[in-house]
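Chains, contacts and geometry: an overview
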Amino acid sequence: MAAHRCSCWSWLFILFSLSVFVVADIHETTPVNDHHGGVDHNAQTAEQTADQPAVEGRRWEATEVKEAATVDAAADAQGTSAPETVVPLSVPQPKDDFQEELVIRPLHSGDIYASFQFRTLWDTDFMRENKVSHYRLFPKSLGQVISKFSVRELHISFTQGYWRTMQWGQPFIPSPPGAELWVWFQDSVTDVDATWKELTNVLSGIFCASLNFIDSTNTVQPSASFKPLGIGNVTDHSFLRYATLPREIVCTENLTPWKKLLPCGSKAGLAVLLKSEKLFHSSFHSQAVHIRSVCQDWQCKTTSWELRQTLNSVFDLHNSGQAKREWSLFKMFSRTLTEACPLASSSKLYIDITDNPQGEQFELSPATSLLSQAVVLGDRRTFSVYDLTQETTFGSVRSLNLLIRWKSNEGEMLRPLLHAERYVAGYGLQTGEIHTLMYNNHPYRSFPVLLLDSVPWYLRLYIHTLSVTSKGKDNKPSYIHYEPSKDRVKPHLLEMLIQLPPNSVTEVTVQFERALLKWTEYPPDPNHGFYVGSSVISSLVPSTVAMDTNSTRERPLFSSFFPCKEESSYFVRIYTEPLLVNLPTPDFSMPYNVICLTCTVVAVGYGSLYNLLTRSFQIEEPNPGLAKRIANVIRKMRGVPPL
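Residues take numbers from 1 onward in each chain, read along the sequence in its written order. A pLDDT threshold of at least 70 governs which residues receive local features in this predicted model, and a stricter bar of 80 or more applies before side-chain atom pairs are shown or counted, although totals over entire chains, interfaces and linings include all residues. Excluded from the side-chain calculation are hydrogens and water; included are all heavy atoms of the structure.

**Regarding the overall build of the protein chain**
The helix and strand labels rest on DSSP assignments: H or I over at least four residues marks a helix, E over at least two residues marks a strand, and numbering proceeds from the N terminus. Within the protein chain, the secondary structure is distributed over 11 helices and 26 strands. Taken over 643 residues, the protein chain has a buried fraction of 43%. Every residue pair with non-hydrogen atoms within 4.5 Å of one another is taken to be in contact. Within the protein chain, counting contacts between residues at least 6 apart in sequence, those at least 24 apart form 75% of the total. In this description, accessible areas are obtained by the Shrake-Rupley approach with a 1.4 Å probe, and a residue is regarded as covered only by the protein chains that are shown. As presented, the protein chain carries roughly 35300 Å² of accessible surface, and 55% of it is formed by carbon and sulfur atoms. Burial classification: accessible surface area is computed with a 1.4 Å probe over protein chains only, and a residue below 20% of its type maximum counts as buried, one above 50% as exposed, and the rest as partly exposed.

**Quick look at the packing of helix α4 (residues 140–149) against helix α6 (residues 192–206)**
Every angle, taken between N-to-C directions, lies between 0 and 180 degrees, and every axis is a line fitted to C-alpha atoms, over only the stretch in contact when it is a helix. Across the interface, α4 lies against α6 with an axial gap of 11 Å and an inter-helix angle of 175°. Relative to α6, α4 is oriented roughly antiparallel. Taken together, the residues of α6 that come into contact with α4 (itself represented by Ser141, Val145, Lys148 and Phe149) are Thr195, Glu198, Leu199, Val202 and Ile206. Amino acids are sorted into nonpolar (Ala, Val, Leu, Ile, Met, Phe, Trp, Tyr, Cys and Pro), charged (Asp, Glu, Lys and Arg) and polar (every other residue, Gly among them). Taken together, the residues that form the contact of α4 with α6 break down as 5 nonpolar, 2 polar and 2 charged. Note that the term roughly parallel is reserved for angles under 35 degrees, roughly antiparallel for angles over 145, roughly perpendicular for angles of 65 to 115, and oblique for everything else.

**Here we look at the side chain of Ser538**
Here Ser538 shows up in strand β24 (residues 536–542). Separated by 3.3 Å, the side chains of Ser538 and Arg573 make a polar contact. Filtering out sequence-adjacent residues up to four positions away, Ser538 remains in contact with Ser225, Val449, Leu450, Phe571, Val572 and Arg573. Any pair of nitrogen or oxygen atoms within 3.5 Å is treated as a polar contact; in protein, a donor-acceptor pairing is required on top of that, and neighbouring residues in sequence qualify only through side-chain atoms on both sides.

**What about helix α7 (residues 252–260)?**
Those residues of α7 that fall on the buried side of the exposure criterion are Asn254, Leu255, Pro257, Trp258 and Lys259. Taken together, the buried residues of α7 touch β2 (112–122), α6, α8 (276–279), β7 (284–295) and β8 (303–315).

**So, unusual backbone geometry**
In most cases, non-glycine residues show a negative phi, while peptide bonds are predominantly trans. For the bond from Ser365 to Pro366, the omega torsion is -5°, close enough to zero to count as cis. Along the chain, the position of Pro366 falls in the loop between β11 (362–365) and β12 (371–376). Backbone geometry places Ser150, a non-glycine residue, at a positive phi of 55°. Inspection of the secondary structure puts Ser150 in the loop between α4 and β3 (151–160).

**Overview of α4**
Those residues of α4 lying buried are Leu142, Gly143, Val145, Ile146 and Phe149. Along α4, the residues classed as buried sweep out an arc of 160° about the axis, all on the same side. Looking at the buried residues of α4, the elements they touch are β3, β4 (178–185), α6, β7 and β8. Downstream of α4 by a residue or two, Ser150 has a phi angle that is positive, lying close to 55°. The reported arc concerns the directions from the helix axis to the C-beta atoms and nothing else.

**Quick look at the sheet that holds strand β15 (residues 418–425)**
As a general point, the strands of a sheet are linked pairwise by backbone hydrogen bonds and lie either parallel or antiparallel. In space, the 5 strands of this open sheet follow the order β15-β16-β22-β18-β19, with antiparallel pairing throughout. Edge positions in the sheet fall to β15 and β19 (473–474), since each of these pairs with one other strand and no more. Should DSSP find at least two bridges between two strands, the strands are regarded as paired. Bridging between strand β18 (residues 459–470) and β19 involves 2 bridges; their strand directions are antiparallel. When the sheet's bridge partners are listed, Thr469 is paired in β19 with Asp474.

**What about the sheet that holds β24?**
In space, the 5 strands of this open sheet follow the order β20-β21-β17-β24-β25, with antiparallel pairing throughout. Because the sheet does not close on itself, it has two edges, and the strands there are β20 (479–483) and β25 (569–575). Direction aside, the axes of adjacent strands within the sheet are offset by 15° on average.

**Side note on the packing of aromatic side chains**
The aromatic pairing rule takes the rings of Phe, Tyr and Trp, using the six-membered ring of Trp, and pairs them if the centres are within 6.5 Å, calling planes under 30 degrees apart stacked, those over 60 edge-to-face and the rest tilted. Applying the stated rule across the entire model yields 30 aromatic pairs. Look at Phe98 and Phe118: their rings are 6.4 Å apart centre to centre, the planes differ by 5°, and that puts the pair in the stacked class. Of this pair, Phe98 sits in strand β1 (residues 96–106) while Phe118 is found in strand β2, placing the two residues 20 residues apart along the sequence. The exposure class assigned to Phe98 is buried, which follows from its relative accessible area of 2%.

The following block contains the structure:
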């Protein structure tokens, strides 16, 4: 009887539970039935909203999202598909773009020239009152620098080694040995020198470099050599500052923050090849950051900020320890390419095959059918292109290890049309002479060049000894701008516009006198010498092919850095070697010798006098003889007093 009563209660509990679930399901499905059956809640909401004042966009957006979520949940419960709901976005999407490319050029010497280019474009205004707070691809640290210091253009480079123009040709983007920094400020900056000093300290922290050593003694204000590379034809050079640190050493601590500025870092894309232990074992290494404003269309109605990060390296066949003349991505960088940067709209690898049209000099593996032509430095070049955004580029192994194997050593590199070098002449430590040689290798055309020299104040130039000669004759400059130095305040600045005759060597000489520094102004290794920054030579060199003057046309990154306004010429900037000059150096061991001698004399003289004045003298009895001591021992044993 009890068991029958329990079973009845169990059935009653089950029936009650089912009735509760049915009622809940009816309540849940009622809004959906109304929505599909004729009662339109959205229409009612719209009518009420039309009668009421407009509400804030953010609240309206949240309401729409809530309604869309309710409809989706109801549709899932009924097994039907919900109508599409368009949700407005209150935060505008940033109009930015990222591209990356790697250019590999086999050199006739057997070396390999690798040039990385990373470009980030962002359609924004850093100078507006409402500061930019939403960053996607553009690094926030550099965006804040542009906004805080009102920067129009910023160009900074760190280079280890010297570019050998006669052996390697012209680089895509030149840079001098050491560190170089030149900045154009906005017209709104009132105190340019104070802003420049603060900017160098900030950049020193961002790039882990000793840019804080840039001060008025190594900063100049060029009048003609440096023009803006972006938008604007600024003629007021009081907003321009230029400085170099030729002794700056580039190492891993400079490369790491540089790679962190990339959208993908060094985790994906071409940046995975940037392995420091391989890059710093090369013959030449240079990394740079360029920030400027560029046009988006040919009418320049809209502008964008461009951040271009470049890294150039030359791998030497002999320094790498390879016995055979063959190269691969793995041998150069110890890594291969597996994917493009997911944030990049374009990721390409270019191989220069201009001197190898039929494959008689070197063999390229794996081969590609995609070819491209571009006008680079006044010459039309042909490239094999590997598009990393395509799955077929990596093959079935999902890895791209490009191999270059030389077949022949024949072929000569064309000499660059413009080349320069510099050295110090003279003997002794009082006077000397600086010689700058500029070569125009064009057979029948002459062209002008702008020469900029920044000489430290401790080399006192005799500007009346300045001479310019070409082919044994005087070559009078058409423009000379000279600012004398001031001891411990600012350096010399010399700018000249010189016409180089065809197929000639132009020599610029000037004498100087070495100054004697204070003993606190010498570095820890004064006998190593003092560095003088490279000379800067800028020119429009005649081109053998028509240059492309449309800066907004889609072109490879390596051929679109310097703006081109004439089809018959292209812009070239080259740097000479830095100078190492010895100054009159005192004998820094002499103070040490004087200190040692003085301390010795004081110790001997004062110590002897102190002993004489403070020592107490006591008379001691002489020691008894052996016989007397034996007798005293015997007397002590017998109990008799000693002698």
